[in-house]
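This is what each chain is made of:
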Amino acid sequence: MKVEETELNGIPVRTVSYEQSDMATTEQKETWMSTCNTCEYKKDSQCGFCGCIIESLMMLSTGKCPADKW
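Keep in mind that what you see is a predicted model, and the values were worked out from it rather than measured.

Draft legend 1. Expanded view of the pairing of strand E1 (residues 2–8). Inspection of the sheet shows E1 paired to strand E2 (residues 11–17) by 7 bridges, in the antiparallel sense. Opposite glutamate 5, over in E2, you have arginine 14 as the bridge partner. Connecting the antiparallel pair E1 and E2 is a turn made up of 2 residues, with asparagine 9 showing a positive phi of about 55°.

Draft legend 2. Molecular detail of the nonpolar core. Counting 9 residues, the largest nonpolar core is built from Ala24, Trp32, Cys36, Cys47, Cys52, Ile54, Met58, Cys65 and Trp70. Aside from chain neighbours lying at most four places away, what touches cysteine 52 is Ser45, Gln46, Cys47 and Leu57.

Draft legend 3. Inspection of unusual backbone geometry at higher detail. At asparagine 9, a residue that is not glycine, the phi angle is positive and equals roughly 55°. In this fold, asparagine 9 is placed in the loop between E1 and E2. Look at aspartate 68: it is not a glycine, yet its phi comes out positive at around 60°. Relative to the elements of secondary structure, aspartate 68 occurs in the segment after helix H2 (54–57).

Draft legend 4. Representation of the state of the cysteines in the model. For the structure shown, the criterion picks out 0 disulfides. For cysteine 36, which is in no disulfide, the shortest distance to another cysteine sulfur is to cysteine 65 and amounts to 6.0 Å. Owing to a relative accessible area of 10%, cysteine 36 belongs among the buried residues under this scheme. Left without a disulfide partner, cysteine 47 is nearest to the cysteine sulfur of cysteine 50, which lies 3.9 Å away. Given the relative accessible area of 10%, cysteine 47 is considered buried.

Reading the values: rules and limits
Residues numbered from 1 in each chain as written. Predicted model: local features only at pLDDT ≥ 70, side-chain atom pairs only at ≥ 80, totals over all residues. Heavy atoms only, no water. Pairing = 2+ DSSP bridges. Helix = DSSP H or I, 4+ residues; strand = E, 2+ residues; numbered from the N terminus. Core = buried A, V, L, I, M, F, W, Y, C linked by side-chain atoms within 4.5 Å. Buried < 20%, exposed > 50% of the residue type's maximum accessible area, 1.4 Å probe, protein only. Contact = heavy atoms within 4.5 Å. Disulfide = S-S within 2.5 Å.

See below:
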């Protein structure tokens, strides 16, 4: 992950760029999704525990289930 901080009209602006090594692998995502598919909180593509879109949590290798299931 690369973080750049600049200033625009006196306002601090932070830009975050992710590298391939920051991204979750296909195997990670498949394992996590198999857990989500049996979870009582899953509602379509959304988590009923926190309200997020499940796949958005699975983008980074440091992703974490808000209900501590993975």
